[in-house]
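# What the coordinates show
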Amino acid sequence: MDSSCLNIFVFSFLSVLFITKSQIYDSVNGVVFPVTRDLSTGQYVAEIRLGDSLEPVKLVVDLSGPLLWFDCSSGHISSSRSLVSGSSSGCLKAKAGNDRVSSRGDHNTECDLLVRNGVVGITARGELATDVLSLGSVSSQGTVDLLFACAPPLLLRGLASGGKGVMGLSKAQISLPSQLAAETNERLRLTVYLSPSNGVVSTNSVEDLFGTAASSSLVYTPLSTSTSGDYVINVKSIRVNGKKLSLEGPLSAELSTVVPYTTLESSIYELFAEAYVKAATNAKSVAPVAPFGLCFTSTSSAEVEFPAVELALQSEMVRWRIQGKNLLVDAGGGVQCLGVVNGGSNSNRVSPIIMGGLQLEGFVLDFDLGNSAMGFGERTRSSSDSFRQEAF
């Protein structure tokens, strides 16, 4: 691909995705998967082509998922698919750091795994398999041997309509980004951009996808992973309309694509809700609409300007600003609900804050996993290759 063709691809990338969402693209140094949001569940669905099947498999995107899995009996037929033996290197990779791998005792038999549906929290036994990942259209320019799990149909419970499994994007050895990085000998990284209709998950860099200006405008914050594979960022404080909440810190926030709205541990939520009601001076509180705890209507004919929420990350100078469509949900009848919910007081949770899909939409996220950092920047509407980010 010459430089002129590359420039055209970068600057028109999102419009191409919108027109031909059913395809999977290979580009520069990685693979690009189009992503859309399922309206009824708020989950994000990607498509992937495996083997010689003419139909792509629709998978729910899970940032903390350790592997790719789907229901192999769901009509996706591929003659190149095969099960992996318990003595293979692929099975050993699956076992590394994964306590959900089991064994039948005979290493010449298949490699069994306990596969988890993170959406509803159920687990079932699956079998490790391999097939060819097609890069591009059906007549692809390249292929990669991909490990995944064949799981029973019962694990599809709670997934978006048409979803046949889960695309796991954690740092685990057989997650999708880890396998593709090993195949391409590139640095382990992941670019995520969520939107209702033209999102993207890619192992390309932000610069490759959206240009140098977009890449250079990102703000970076330290990124860690929990023992369960969740991506976690530090949160030094929370502000509502510029005023800091009186919280005991520091805190942490898990990033999730399977939780539709940001959830706060109950003690944090109570302080947050009280502060938000006080700050929303030109709005009237009304009976909440489930699952939300705070809903409002306007006190006048003028449009309500709802207060913004800011998360100070590794320092008070680096803030993630959440406002507008990333914060409010239209419940109908002139009612706007705050897309932040009470997560209860579960002491076993990884972080007291889980940032859900609504709050991540419109931001390009650069998971630089090799350097344990994450860049974030809000995509502007005026330019196809630049972002607006919050750093103070």
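Shown above is the structure to which this text applies.
Computed from a predicted structure; not experimentally measured. Within any chain, residue numbers begin from 1 and follow the written order of that chain's sequence. Reporting in this predicted model follows two pLDDT cut-offs: at least 70 for local features of residues, and 80 or more for side-chain atom pairs to be given and counted; totals over whole chains, interfaces and linings ignore these cut-offs and use all residues. Hydrogens and waters are ignored; side-chain quantities use all the structure's heavy atoms.

### What to know about the overall build of the protein
This is how it is decided: Helix and strand assignments follow DSSP, with helices taken as H or I runs no shorter than four residues and strands as E runs no shorter than two, numbered in order from the N terminus. The cut-offs for exposure are 20% and 50% of the maximum accessible area for each residue type, with area from a 1.4 Å probe on protein chains only; residues under the lower value are buried, those over the upper are exposed, and the others partly exposed. Any two residues having at least one pair of non-hydrogen atoms within 4.5 Å are treated as being in contact. Every accessible area reported is derived by Shrake-Rupley at a probe size of 1.4 Å, with residue values counting cover from the shown protein chains alone.
The helix and strand inventory of the protein stands at 8 helices and 29 strands. In the protein, buried positions account for 54% of the 392 residues. Long-range contacts, defined as pairs at least 24 residues apart, comprise 63% of the intrachain contacts of the protein with a sequence gap of at least 6. Total accessible area on the protein stands at roughly 16,800 Å², and carbon and sulfur atoms take up 50% of it.

### Quick look at the sheet that holds strand E22 (residues 319-322)
To be explicit about the condition: Two strands make a pair as long as DSSP finds a minimum of two bridges between them.
What the 4 strands build is an open sheet, ordered E16-E15-E21-E22; its pairing is antiparallel. Both edges of this open sheet fall to strand E16 (243-244) and E22, since each of them pairs with a single strand only. In this sheet, strand E21 (residues 309-312) lies alongside strand E15 (residues 237-240) in antiparallel orientation, the contact comprising 4 bridges. Bridging from a neighbouring strand, Arg-239 pairs with Glu-310 of E21.

### Looking at the packing of aromatic side chains
Put simply, the rule is: The criterion for an aromatic pair is that two Phe, Tyr or Trp rings (for Trp, the six-membered ring) have centres within 6.5 Å, with stacked assigned to planes under 30 degrees apart, edge-to-face to planes over 60 apart and tilted to the rest.
Evaluated as defined, the whole model comprises 9 aromatic pairs. An aromatic cluster is built from Phe-272, Tyr-276, Phe-296 and Phe-306, whose rings are joined through pairwise contacts.

### Overview of the pattern of salt bridges
Once the charged atoms of two side chains with opposite charge are near each other, the side chains can pair. Definition in use: Just to be clear on terms, a salt bridge is a Lys or Arg side-chain nitrogen sitting within 4 Å of an Asp or Glu carboxyl oxygen.
Tallying each qualifying case throughout the model produces 9 salt bridges. Linking Arg-239 and Glu-316 is a salt bridge whose minimum nitrogen-to-oxygen distance equals 3.1 Å. Pair noted here: Arg-239 is in strand E15 and Glu-316 is in the loop between E21 and E22, with a separation of 77 residues, a long-range link. Using a relative accessible area of 14% as the deciding quantity, one classes Arg-239 as buried. Shared partners join several salt bridges into a network, and the residues in it are Arg-239, Lys-244 and Glu-316.

### Points about empty space enclosed by the protein
Applied cut-off: In this analysis the probe radius is 1.4 Å and the grid spacing 1 Å, with only protein atoms considered; a cavity is a set of points the probe fits into but cannot get out of, a pocket is an open set with protein on both sides within 12 Å along at least five of seven lines, and lining residues have an atom within 4 Å of a point. Grid points are joined across faces, edges and corners, and a volume is the space filled by probe spheres set on the points. Think of it as three bins: nonpolar holds Ala, Val, Leu, Ile, Met, Phe, Trp, Tyr, Cys and Pro, charged holds Asp, Glu, Lys and Arg, and polar takes everything else, Gly as well.
Applying the stated criterion to the full structure yields 3 cavities of 30 Å³ or more. Ile-238, Thr-262, Leu-264, Phe-272, Val-309, Leu-311, Ile-322, Leu-327, Val-340, Ile-353, Met-355 and Gln-359 are the residues that line the largest cavity. Where the lining of the largest cavity is concerned, the elements lending two or more residues are strand E18 (262-264), E21 and strand E26 (353-355). Partitioning the lining of the largest cavity into residue classes produces 10 nonpolar, 2 polar and no charged.

### Description of the state of the cysteines
What counts, and what does not: A pair of sulfur atoms, both from cysteines and within 2.5 Å, is called a disulfide here.
Per the counting criterion, the structure on display carries 3 disulfides. Each sulfur in the disulfide pair Cys-91 and Cys-111 lies 2.1 Å from the other. Disulfide Cys-91-Cys-111: torsion about the S-S bond near 75°, hence right-handed. Residue Cys-91 is located in helix H3 (residues 89-95), and its partner Cys-111 is located in the loop between H3 and strand E7 (112-117); the two are separated by 20 residues in the primary sequence. Looking at Cys-111, the relative accessible area reads 1%, which means it is buried. Across the protein, the way the bonded cysteines pair up, counted in sequence order, is 1-4, 2-3, 5-6.

### Details of the layout of surface pockets
Inclusion rule: Start and end points for every domain follow an automatic or database-based domain assignment.
Considered as a void within the structure, the second largest pocket measures approximately 590 Å³ in volume. Lining of the second largest pocket is provided by 28 residues; of these, Ser-64, Arg-116, Gly-118, Asp-230 and Glu-254 occupy positions nearest its centre. The element that contributes the greatest number of residues to the lining of the second largest pocket is E7, accounting for 3 residues. Broken down by class, the residue content of the lining of the second largest pocket amounts to 12 nonpolar, 10 polar and 6 charged. Domain assignment of the residues forming the lining of the second largest pocket places at least three in each of domain 1 (32-204) and domain 2 (215-378).

### Here we look at helix H7 (residues 266-279)
The condition is simple: Expected helix span is taken as 1.5 Å per residue step, with the number of steps being one fewer than the number of residues. The arc refers to the directions leading from the helix axis to the C-beta atoms.
Compared with an ideal rise of 1.5 Å per residue, which puts 14 residues at 20 Å, H7 spans 20 Å between its outermost C-alpha atoms and is within 8% of the ideal. Among the residues of H7, those classed as buried are Ser-266, Ile-268, Tyr-269, Phe-272, Ala-273, Tyr-276 and Ala-279. Projected onto a plane normal to the axis of H7, the buried residues spread over an arc of 145° and lie on a single side. Away from its buried face by more than 90 degrees, H7 exposes Glu-270 and Lys-278.

### A short note on the sheet that holds strand E24 (residues 335-338)
So the rule is basically this: Structural elements are reduced to axes, namely lines fitted to C-alpha atoms, with helices fitted over the stretch in contact, and the angle between N-to-C directions of any two is expressed from 0 to 180 degrees.
Here we have 4 strands laid out as an open sheet, ordered E19-E20-E24-E23, and antiparallel in their pairing. Pairing within the sheet leaves two strands with one partner each, and these edge strands are strand E19 (283-286) and strand E23 (328-332). Pairs of neighbouring strands in the sheet enclose a mean axial angle of 40°, with direction left out of account. Pairing geometry for E23 and E24, over 4 bridges, is antiparallel. Directly across from Val-329, in E24, lies its bridge partner Cys-337.

### Thoughts on the environment of Ile-238
The residue Ile-238 is located in strand E15 in this model. Residues Ile-238 and Glu-316 lie 78 residues apart in sequence; the distance between their C-alpha atoms is 9.7 Å. Excluding residues within four positions of it along the chain, Ile-238 makes contact with Lys-243, Lys-244, Leu-245, Leu-247, Leu-251, Ile-268, Phe-272, Val-309, Glu-310, Leu-311 and Ile-353.

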